[in-house]
Amino acid sequence: MKSDGLRPIPFSTSLSIWGWGSLGIVLSLITFGPFVIFYLAFYILCFVGGGFVVTLLFGKTNSEKYLEQCEHSFLPPTSTGIPKCLEEMKREARTIKIDRRLTGANIIDEPLQQVIQFSLRDYVQYWYYTLSDDESFLLEIRQTLQNALIQFATRSKEIDWQPYFTTRLVDDFGTHLRVFRKAQQKITEKDDQVKGTAEDLVDTFFEVEVEMEKDICRDLVCTSPKDEEGFLRDLCEVLLYLLLPPGDFQNKIMRYFVREILARGVLLPLINQLSDPDYINQYIIWMIRDSNCNYEAFMNIIKLSDNIGELEAVRDKAAEELQYLRSLDTAGDDINTIKNQINSLLFVKKVCDSRIQRLQSGKEINTVKLAANFGKLCTVPLDSILVDNVALQFFMDYMQQTGGQAHLFFWMTVEGYRVTAQQQLEVLSSRQKDGKHQTNQTKGLLRAAAVGIYEQYLSEKASPRVTVDDYLVAKLADTLNHEDPTPEIFDDIQRKVYELMLRDERFYPSFRQNALYVRMLAELDMLKDPSFRGSDDGDGESFNGSPTGSINLSLDDLSNVSSDDSVQLHAYISDTVYAHYDPYAVAGVCNDHGKTYALYAITVHRRNVNTEEMWKTYRRYSDFHDFHMRITEQFENLSSILKLPGKKTFNNMDRDFLEKRKKDLNAYLQLLLTPEMMKASPALAHYVYDFLENKAYSKGKGDFARKMDTFVNPLRNSMRNVSNAVKSLPDSLAEGMTKMSDNMGKMSERLGQDIRQSFFKVPPLIPKTDSDPEHCRVSAQLDDTVDDNIPLRVMLLLMDEVFDLKERNQWLRRNIKNLLQQLIRATYGDTINRKIVDHVDWMTSPEQVADLVKRFRDAFWPNGILAETIPCRDKGIRMRTRVAGKTKLLSIMPDELKHIIGAETTRKGILRVFEMFQHNQLNRRMVYVFLEGFLETLFPQYKFRELFNKLHSRSKQMQKYKQKLQTTQAPSLQKR
């Protein structure tokens, strides 16, 4: 066989290769075991992977070096400035020194610096340090804030804050209250049967606001959180523009940071707190914390409340207290105290349940309407009406409705003429003793005044003419022609006019059946709430002033006793217990704020033909004293018959003295209740029954009120109030009286400067304007010609709006004005202006400003830590806080104020102000109004008023108002 160039492999060689290979495998298995294959595969994999990683790293390094070489080869060389900037940035930052002086007063600067520090820490630093460690940005923000505060403090020192606090602030509050009152009236007029919701009231409030303000409405800011935040941002940016240097303001980043801190971190939380109704209620209670809650005021609030939530909260608390008291294991003397407390709580709970049931059923809850429908009313004699400031204005309104006002005004004018004539004759007599003779002149002026009255009311030309017997008019005319006028010249005719008003069915008898009479009783606090005399299902309810479960006899039932001779009333002091007491539970020696006095238990028996009743009532000696003063004022003949034992301090353990006084008071009661005494003075029965009724005794005038009667009484003391009252006559009557007043003014000018100034030249409080005064700001109604007396202006503004005196006749308002004038002049004179100025200076002093800054700091950062969001208090607690706040406000109202403007008006005014603060949106509006007024005062040279109009221009109510104006003006334009 031929070879083709390749030598064949010998068999022995291939055998040796397989042999050695097999031997190697066998030895490997023997040496490494059966897993040698896996180990080998793993080693190979690691080798390949390691080589891949080394190659990758080597390529990456070479690529980066190549790219770097390429970059440096194509880019221009770096300038020297950039390396220097980088070098400066890497260096340690230099310390920036900040001047800590802000206002120039160290006591203010220190807490202000703390506020700035806390604000930056809690609103900036907590997120800024996550971005950078550079402190310069924070220091720049701090410097910007300080610059703004320095400019603000400098500007504040240049402003006279007295007009703002004494005029603008009061005007803003009074206007806010007026808008609220008109909104309530609108809601009531829409539907008397359906009670408007809070949302309806808020919407109506802003409708009234735009009608009054004409060019601005704040509804969006107060109702939309988004619009409110936008408004605050815009306002803060404007303030920063005014307060910051131009360079700082142009720094947008800095400006936006500071703006957000002020708007979101300072102003918005502060406004939220100040507008919270619950916060305001707590603040009211804190302000009058020294005044104790009065039981009678508390019960009045419960009976007048139309908020079911309030009543349920009080009822639930009473039920809780009842459970606690019933769980107590007591014995001995404590058991009586606990029983009386349980009775009191049961009574409160029952009143709340009755009120809730009536509200839920939709039945009549107006006390005045209920009393009018009930038909049983107290009788107030005409002579008492004519001498009571509050009652007279209701009778005057009624006489004007019936056309009998001429009779009443004649009676009032004659009464004033008599007093003034007596004064002038006394002055004349004293001048004659001093050798000064003005007899003819004085008598001539008195004659002119008397002739003026005759011509105005009694002559044939008088319109309207007072209708009296002709012979009396002729007799008066003859006396005026031939004799000198005397103070008693009109007495006969005045007496006839009084009898006419008393007996003519058109006047006083019909007045007692009129709704004005019921309103008068309510103002005099002589109206009992018939809703608590009995429920619909026949279960009797009664207001027991001493809720001990004893029988309560209503005033109306007691008043009927005098008309039935078969009814007998007997009363005596049965007990005096020596112990500290609960005023409406246990009788005895009482301790009230450290003052100890005796409480007498009076047992009253009422007997008639078929029944006999008995109850107990509790009176202090001061109640006896007040009762005695009342009846001796009304019935002068009693002062010589009834003698009350005099006051005397005593020790609470002086049993002998208490027993002696008890005997004296018993003798006083027995003499008072004798049939002869009752028959001699039939009207006395009303006062006696009211005193013996089983309820908390309602005192009449205090000592201060009795001393001030010379100011309040419009009839018996001077011609001043009478001349003012006559200004409310129709024009035909007013013209004649103006002539008489001018003549009397001349006489007073010559004989008494003080009388001339205070009696006859009282300028009108409200000038005549073409626009409706109810649709303008409060300050627009003050005449600039009125003497510039700051406290008088402030009190008139507040009293007009709080108590709604403009709805009353002008006669009452002028009397109140005269009273306030005399109070100011008699007590302080011109010094009260200086005191108010001093008080404003004190309010804006560094010490007070520092105290306000500290309060702000402690409120938002207590102990230097940002305050947590206060959790919303439980609804029941908030409702009880409302009841406590109203009770406190009603308790501090002095009785003298009720006697001036009426008890019902006082209650309504106080409750209206309190209700105004119960709406968050309305509170926000008031805060923004105060803020706007503050900024307008701080920056008078800038047009802040126009700015606010633009900021509020997107108001929906404003747009509706403009459309309404265009709609109403379109027809008139078409006619033209």
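Residues numbered from 1 in each chain as written. Predicted model: local features only at pLDDT ≥ 70, side-chain atom pairs only at ≥ 80, totals over all residues. Heavy atoms only, no water.

1. Re the packing of aromatic side chains
Thought 1: If you walk through the whole model with that rule in mind, you get 34 aromatic pairs.
Thought 2: Look at Phe-118 and Trp-861: their rings are 5.9 Å apart centre to centre, the planes differ by 40 degrees, and that puts the pair in the tilted class. You can see Phe-118 sitting in helix H4 (residues 106-128) and its partner Trp-861 sitting in the loop between helix H38 (846-860) and helix H39 (875-892), a full 743 residues away along the chain. Each of the two residues, Phe-118 as well as Trp-861, counts as buried.
Thought 3: An angle of 90 degrees between the planes, with centres 5.5 Å apart, marks the rings of Tyr-417 and Phe-490 as edge-to-face. Of this pair, Tyr-417 sits in helix H19 (residues 405-433) while Phe-490 sits in the loop between helix H21 (470-482) and helix H22 (491-503); the two residues are 73 residues apart in sequence, bridging distant segments of the chain. Accessibility assignment for this pair places Tyr-417 and Phe-490 in one class, buried. (Phe/Tyr/Trp six-rings, centres within 6.5 Å; stacked < 30°, edge-to-face > 60°. Helix = DSSP H or I, 4+ residues; strand = E, 2+ residues; numbered from the N terminus. Buried < 20%, exposed > 50% of the residue type's maximum accessible area, 1.4 Å probe, protein only.)

2. Remarks on helix H14 (residues 308-327)
Thought 1: Along its 20 residues, H14 runs 29 Å from first to last C-alpha, staying within 8% of the 28 Å computed at 1.5 Å per residue.
Thought 2: Those residues of H14 that sit buried are Gly-309, Glu-310, Leu-311, Ala-313, Val-314, Ala-318, Leu-322 and Leu-325.
Thought 3: Where H14 is buried, its residues touch helix H13 (295-304), helix H15 (334-361) and H39.
Thought 4: N-capping of H14 is provided by Asn-307, with a side-chain oxygen placed 2.8 Å from the backbone N of Gly-309. (Expected span 1.5 Å × (residues − 1). Contact = heavy atoms within 4.5 Å. Polar contact = N/O pair within 3.5 Å; in protein donor to acceptor, adjacent residues only side chain to side chain.)

3. A look at the UniProt feature "transmembrane region" (unreviewed entry) in the chain
Thought 1: In the numbering used here, UniProt assigns the "transmembrane region" (unreviewed entry) feature to residues 12-30 and 36-58.
Thought 2: Structurally, residues 36-58 is divided into 100% helix and 0% strand, and its ends, taken at the C-alpha atoms, are 33 Å apart. (UniProt positions renumbered as here; feature names shortened; annotations may be inferred.)

4. Some points on the pattern of salt bridges
Thought 1: All told, the structure shown has 38 salt bridges when counted by the stated rule.
Thought 2: Arg-315 is the partner of Asp-353 in a salt bridge, and the nearest nitrogen-oxygen pair spans 3.4 Å. Here Arg-315 lies in helix H14 and Asp-353 lies in helix H15, a separation of 38 residues in the sequence.
Thought 3: Residue classification places Asp-353 among the partly exposed positions, given a relative accessible area of 27%.
Thought 4: One salt bridge connects Glu-320 with Lys-317, and the closest N-O pair in it is separated by 3.8 Å. One end of the pair is Glu-320 and the other is Lys-317, both in helix H14 and three residues apart, which spans about a single turn.
Thought 5: Here Glu-320 falls in the partly exposed class, since its relative accessible area comes to 46%.
Thought 6: What makes Lys-317 partly exposed here is its relative accessible area of 31%.
Thought 7: Here the residues in one salt-bridge network are Glu-209, Glu-213, Asp-215, Arg-218, Arg-925, Glu-932 and Arg-945, joined through shared partners. (Salt bridge = Lys/Arg side-chain N within 4 Å of Asp/Glu carboxyl O.)

5. Examining the environment of Arg-181
Thought 1: Residue position: Arg-181 is located in helix H6 (residues 162-190).
Thought 2: The class for Arg-181 is buried, based on a relative accessible area of 2%.

6. Concerning the confidence of the model for the chain
Thought 1: This prediction gives the chain a mean pLDDT of 75; 71% of its residues lie at or above 70.
Thought 2: Within the chain, helix H34 (residues 753-760) has the poorest average pLDDT of any element, 30, and helix H42 (residues 920-938) the best, 94.
Thought 3: Segment residues 578-595 is flagged for pLDDT under 50; beyond a separation of four residues in sequence, or across chains, it makes 47 contacts in the model. (pLDDT = per-residue confidence, 0-100.)

7. Section: the nonpolar core
Thought 1: Grouped together as the largest cluster of nonpolar side chains are 84 residues, with contacts concentrated most on Ile-141 and Phe-803.
Thought 2: Of all the elements, H4 adds the most residues to this core, at eight residues.
Thought 3: Every residue in contact with Ile-141, bar those within four places of it in the chain, is listed here: Leu-120, Val-124, Met-254, Phe-257, Val-258 and Ile-261.
Thought 4: Among the nonpolar cores identified, the runner-up in size contains 52 residues, and Ala-391, Phe-410, Leu-480 and Ile-489 belong to it. (Core = buried A, V, L, I, M, F, W, Y, C linked by side-chain atoms within 4.5 Å.)

8. Observations concerning the environment of Tyr-256
Thought 1: Within the secondary structure, Tyr-256 is located in helix H11 (residues 252-274).
Thought 2: Residues Tyr-256 and Cys-236, spaced 20 residues apart in sequence, show a C-alpha to C-alpha distance of 9.7 Å.

9. Some details on helix H7 (residues 198-213)
Thought 1: The end-to-end C-alpha distance of H7, which contains 16 residues, comes to 22 Å, matching closely the 22 Å that a straight helix rising 1.5 Å per residue would cover.
Thought 2: Along H7, the positions that sit buried rather than exposed are Leu-201, Val-202, Thr-204, Phe-205, Phe-206, Val-208, Glu-209, Val-210, Glu-211, Met-212 and Glu-213.
Thought 3: Phi turns positive, to about 75 degrees, at Lys-214, one or two residues after H7.

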